[in-house]
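The chain contents come next:
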Amino acid sequence: MAQWSTPADIVATVRKLWDSGALLAARLDRAELFPYAQRLRQPGAAEMGEQFEAVRTWIAALVGESRERKGYGYDLVWREINHRQLGRNSIPAAVSIPSEADALRMIGRGAEARRFDTLAGATLAAFPSLSPWVRAHPLALLEHGDGWAQVLAVLDWFVRHPRPGLYLRQLDIAGVDSKFIEARMGLLAELLDQVLPAEAVVAAALGSKQFEARFGLLSKPPMIRFRLLDPEHFIGGLSDLTVPVAQFASLQSRVERVFVTENEVNALAFPPVRSGMVVFGGGYGIDRLAQAEWLRNRELFYWGDIDTHGFAILDRLRMNLPHARSILMDEATLHAHRHLWGKEDPDKRFPAELTRLTLAEKTLFLALRDDCHVERLRLEQERIGYTWAADAIRAA
């Protein structure tokens, strides 16, 4: 009996119509989804003879939950069979759910369907262009129903103020704060794409982290942190500063030597260097340094981990600042610290070719990439002895 369709199976089928959005989409389109027919898994002739009482129980369960008994739900569609021993009998072969009202009552979604009507009506009255989106995502309206009026208010504001050039915090929308928008950036991006003209959207800015760029808002500027290593070059008595990239690019400093290092503690403990500065690198965020044209006229050194990832960052730095030199990324440093070797994260390994390395750097990179010493060899920069590092920096 377990394989025969049960009343719960029939309800589950209707619930799938709801969960897929098909039921609400049909409601929106006034499409003829009902009467909705479903075939039943039913006993065969052999089972009729062998499990006659079980079949009777199965039929009784279906009848008991039918519209005939409950006043709503499904109607049974019967078929007649002629059994050799039992004679003529009728068993349910299918069900028919006559109306949407029956279906909604079966799964207890009537109130939500009416709520959807209200939300969809308000949405399409304000933004007819959202009709395809509403049909494709009807359940999203219910999911966000408590804040849907605010969602529509945000859309209306952007339509009236395309590419506003403001910070999110500056948007003055009644009933809406910046946290509301931040929590729904994915949803709002989908909707704004539909209601705004193409020229108001930067198509290349994708994902919630690019929401501001996509829709013409100002975003938190990227920052660069640096330390001045010579008191003669302190700025207003300050040696450790964090500034927007644009300000770093226009920095008026007479320092002659600039070191870039990835590890924060290394940068904090960097030894004094006459006319020197150390910049906190930030991995592949190192591209930001390209905006600082003044770096092209300074001695520039890069100190990264001795692993494939570190050499990949060095290679990338040279794409914009080709005169950059590496420091403490050499065979002597690696082998002097053999007892401190570690393993590179396999997800961060760089398997491709690097074209901007010196011969010595490339030789070491290939040895690391091809596991010539040990598998996934890595020497993190902070594991290098301080005296060893300070001597190399002074000698650079």
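Remember, predicted model here, so these are calculated numbers, not experimental data.

Asker: Any chance you could break down the pattern of salt bridges for me, citing the residues and the numbers?
Answerer: One pass over the full model with this rule turns up 27 salt bridges. Here Arg 135 and Asp 29 are joined by a salt bridge, their closest N and O atoms 2.4 Å apart. Of this pair, Arg 135 sits in helix 8 (residues 131–136) while Asp 29 sits in helix 2 (residues 22–29); the two residues are 106 residues apart in sequence, bridging distant segments of the chain. Of the residues examined, Arg 135 reaches a relative accessible area of 30% and is grouped as partly exposed. Judged by its relative accessible area of 39%, Asp 29 is partly exposed. For Glu 380, the salt bridge is made with Arg 383, and the minimal N-O distance between the two is 3.1 Å.

Asker: So what's going on with the side chain of Gln 42? Residues and values would help.
Answerer: Here Gln 42 is to be found in the loop between strand 1 (36–39) and helix 3 (45–50). By relative accessible area, which is 18% here, Gln 42 ends up buried. Separated by 3.3 Å, the side chain of Gln 42 and the backbone oxygen of Leu 40 make a polar contact. Setting aside residues no more than four positions away along its own chain, Gln 42 makes contact with Trp 4, Glu 47, Trp 58, Arg 79, Ile 91, Pro 92 and Ala 93.

Asker: An account of helix 10 (residues 148–160) is needed here, citing residue identities and associated values.
Answerer: Its 13 residues place the ends of helix 10 18 Å apart at the C-alpha level, agreeing with the 18 Å of an ideal helix rising 1.5 Å per residue. Every buried residue of helix 10 is listed here: Trp 148, Val 151, Leu 152, Val 154, Leu 155, Trp 157 and Phe 158. Looking at the buried positions of helix 10, the neighbouring elements they touch are helix 7 (110–126), helix 8, helix 9 (138–143), helix 11 (178–183) and helix 12 (185–195).

So, how was this worked out
Residues numbered from 1 in each chain as written. Predicted model: local features only at pLDDT ≥ 70, side-chain atom pairs only at ≥ 80, totals over all residues. Heavy atoms only, no water. Salt bridge = Lys/Arg side-chain N within 4 Å of Asp/Glu carboxyl O. Helix = DSSP H or I, 4+ residues; strand = E, 2+ residues; numbered from the N terminus. Buried < 20%, exposed > 50% of the residue type's maximum accessible area, 1.4 Å probe, protein only. Polar contact = N/O pair within 3.5 Å; in protein donor to acceptor, adjacent residues only side chain to side chain. Contact = heavy atoms within 4.5 Å. Expected span 1.5 Å × (residues − 1).

Keep in mind these values describe shape, not function.
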